[in-house]
Amino acid sequence: MANLKLGVIGAGRIGKVHMATLVQSVPEADVVALADVNIAGAKSLAEQYGIPFVSADYKEIIHHTEVQAVVICSPTDTHAKYIVETAQAGKHIFCEKPVDLSLDVIQNAIDEVKKAGVKLMVGFNRRFDPNFKKVHDMVAAGKIGDPSILKITSRDPAPPAPQYIAVSGGMFLDMTIHDFDMARYIVGSEITEVYVKAAVLVDPEIGNAGDVDTAIITLTFANGALGVIDNSRKAVYGYDQRLEIFGTKGMVTADNNFPDNHRYFTEDGISGALPLNFFMDRYIEAYSNELKAFCDAIINNKPVPVGGEDGLISVAVGLAAKKSVAESRAVKLSEIIG
């Protein structure tokens, strides 16, 4: 079957990651158009990867006659609008997380996608990391028995600029949202309650912007399992991405990825490489697997592995986390979403 012809909206940081992945690692994809309001940046990226059509207007991507599906990598506050317009144009959609910061807006986008009969996949790339997928598959196969305790460590190598906080929705909707999705994916059960203790321990300017940068999050799942997520916006040793799940018959863990596995032994001690630095390096294979899965779902008319409802639920958990911090109490998901 012919390749899937894609248009990409957004040539910023994640747009560059997805463009490189699509062109270099996804043989099923053929990127034919790119748009960004920064036309100079878009032209530079298009030239780098041989993309024939470039525009400053996202509508020209959505309505481009060759484009069959649109990859949305633009700022969060544009996602839902672009999803709706792409669906109304009868084209399939891959959209970076979060779909929006409002549950009503997300639900409207999902409804428009269903009405149009197109597919929407949300970019929770960590599900496609080989290590985490292996853990998921072992849990689903009953290898650890019934899940009891999940532990996720997720720490960034450096905090974002404080001005980014205002448009990102804050740590729980920008960073931890990936961990909320991972928690549902690994445990195989829905989150029913969230309790958070959070602080500003990395950058006072983040606190001045109204957010936190350090958190311990306790989750309760519908199947009775418990979960703990620890987050920090700054780990001086690099991108810290670890996971452990314990059950009635055993336990499985996934460690950080490293550029190499050497260990250097001297009379002063033992040293080795730092973890891979940030998501562009750590999750390069996950991004490839994710976009291959999207193309496969469109080309072979399969369900997408991560749909709009997954995007909705993870935002709901993020909003529950924010409410928990604001009110210093456990928050049930039923308070946030029916």
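Every chain is numbered on its own, with residues counted from 1 as its sequence reads. The predicted nature of this model means local features are confined to residues of pLDDT at least 70 and side-chain atom pairs, given and counted, to a pLDDT of 80 or more, with totals for whole chains, interfaces and linings taken over all residues. Side-chain figures throughout are based on the complete set of non-hydrogen atoms in the structure, without hydrogens or water.

**Some thoughts on the overall build of the protein**
- Summing up its helical and strand segments, the protein has 13 helices and 15 strands in all.
- A globule of 338 residues ought to have a C-alpha radius of gyration of about 20 Å, and the protein, at 20 Å, matches this closely.
- Within the protein, buried positions represent 53% of all 338 residues.
- When contacts within the protein are restricted to residue pairs at least 6 apart in sequence, long-range pairs at least 24 apart make up 71% of them. Secondary structure follows DSSP: runs of H or I at least 4 residues long count as helices, runs of E at least 2 residues long count as strands, and numbering of each begins at the N terminus. Each radius of gyration is computed over the set of C-alpha atoms, and the globule rule expresses the reference value as 2.2 Å times the number of residues to the power 0.38. For each residue, the accessible area found with a 1.4 Å probe, counting protein chains only, is set against the maximum for its type, and the residue is called buried under 20%, exposed over 50%, and partly exposed in between. Should any heavy atoms of two residues lie within 4.5 Å, those residues are counted as being in contact.

**Considerations on the sheet that holds strand E12 (residues 250-254)**
- With respect to topology, seven strands assemble into an open sheet ordered E12-E11-E7-E10-E9-E8-E15, the strand pairing being mixed. Only two strands of the sheet have a single neighbouring strand rather than two, namely E12 and strand E15 (331-332).
- Relative to E15, strand E8 (residues 191-199) is paired through two bridges, and the arrangement is antiparallel. Within E15, the position partnered with Val 194 by the bridge is Val 331. By definition, two strands form a pair when at least two bridges between them are found by DSSP.

**As for the side chain of Lys 119**
- You can see Lys 119 is positioned in the loop between helix H5 (103-116) and strand E6 (120-123).
- Positive charge is attributed to Lys and Arg, negative charge to Asp and Glu, and no charge count is given to His or to the chain ends. Any carboxyl oxygen of Asp or Glu within 4 Å of a side-chain nitrogen of Lys or Arg constitutes a salt bridge here. Here Lys 119 sits buried without a salt bridge, and the closest side chain of opposite charge, Asp 296, lies 10 Å off (N-O distance).
- Any pair of nitrogen or oxygen atoms within 3.5 Å is treated as a polar contact; in protein, a donor-acceptor pairing is required on top of that, and neighbouring residues in sequence qualify only through side-chain atoms on both sides. A polar side-chain atom of Lys 119 sits 3.2 Å from a polar atom in the side chain of Asn 301.
- There is a polar contact of 3.1 Å between the side chain of Lys 119 and the backbone oxygen of Lys 302.

**Re the pairing of strand E13 (residues 263-266)**
- By the bridge criterion, four bridges tie E13 to strand E14 (residues 269-272) in an arrangement that is antiparallel. Each bridged residue has a counterpart across the sheet, and for Phe 265 the counterpart in E14 is Ile 270.
- The turn joining E13 and E14, which pair antiparallel and follow one another in sequence, is formed by two residues.

**Thoughts on the pattern of salt bridges**
- Scanning the model with the defined rule gives 23 salt bridges in all.
- Its salt-bridge partner being Asp 174, residue Arg 233 comes within 3.3 Å of it at the nearest N-O pair. Placement of Arg 233 in the loop between strand E10 (226-232) and strand E11 (240-247) and of Asp 174 in helix H8 (residues 171-174) is noted, with a sequence separation of 59 residues between them.
- What makes Asp 174 buried here is its relative accessible area of 11%.
- Measuring nitrogen to oxygen at the nearest pair gives 2.9 Å for the salt bridge that ties Glu 327 to Lys 323.

**A word on helix H2 (residues 39-49)**
- Turning to H2, its buried residues are Ala 42, Leu 45, Ala 46 and Tyr 49. All buried residues of H2 lie within an arc of 100° about the axis, which places them on one face of the element. Summarising the geometry of H2, the exposed residues directed more than 90 degrees from the buried face are Ala 40, Lys 43, Glu 47 and Gln 48.
- On its buried side, H2 packs onto helix H1 (13-25), strand E2 (29-35) and strand E3 (53-55).
- Count one or two residues on from H2 and you reach Gly 50, which has phi positive near 70°. As used here, the arc is the angular range of directions from the helix axis to the C-beta atoms.

**Considering unusual backbone geometry**
- Looking along the chain, the bond that leaves Lys 97 and enters Pro 98 is cis, with omega of -15°.
- Along the chain, Pro 98 turns up in the loop between strand E5 (92-96) and H5.
- Positive phi, normally seen in glycine, also occurs at Asn 301, with a value near 50°.
- Take Asn 301: it is sitting in the loop between helix H12 (284-299) and helix H13 (308-327).
- Non-glycine residue Ser 328 carries a positive phi angle of around 50°.
- Mapped onto the elements, Ser 328 comes out in the loop between H13 and E15.
- According to the relative accessible area criterion, Ser 328 is exposed, its value standing at 58%.

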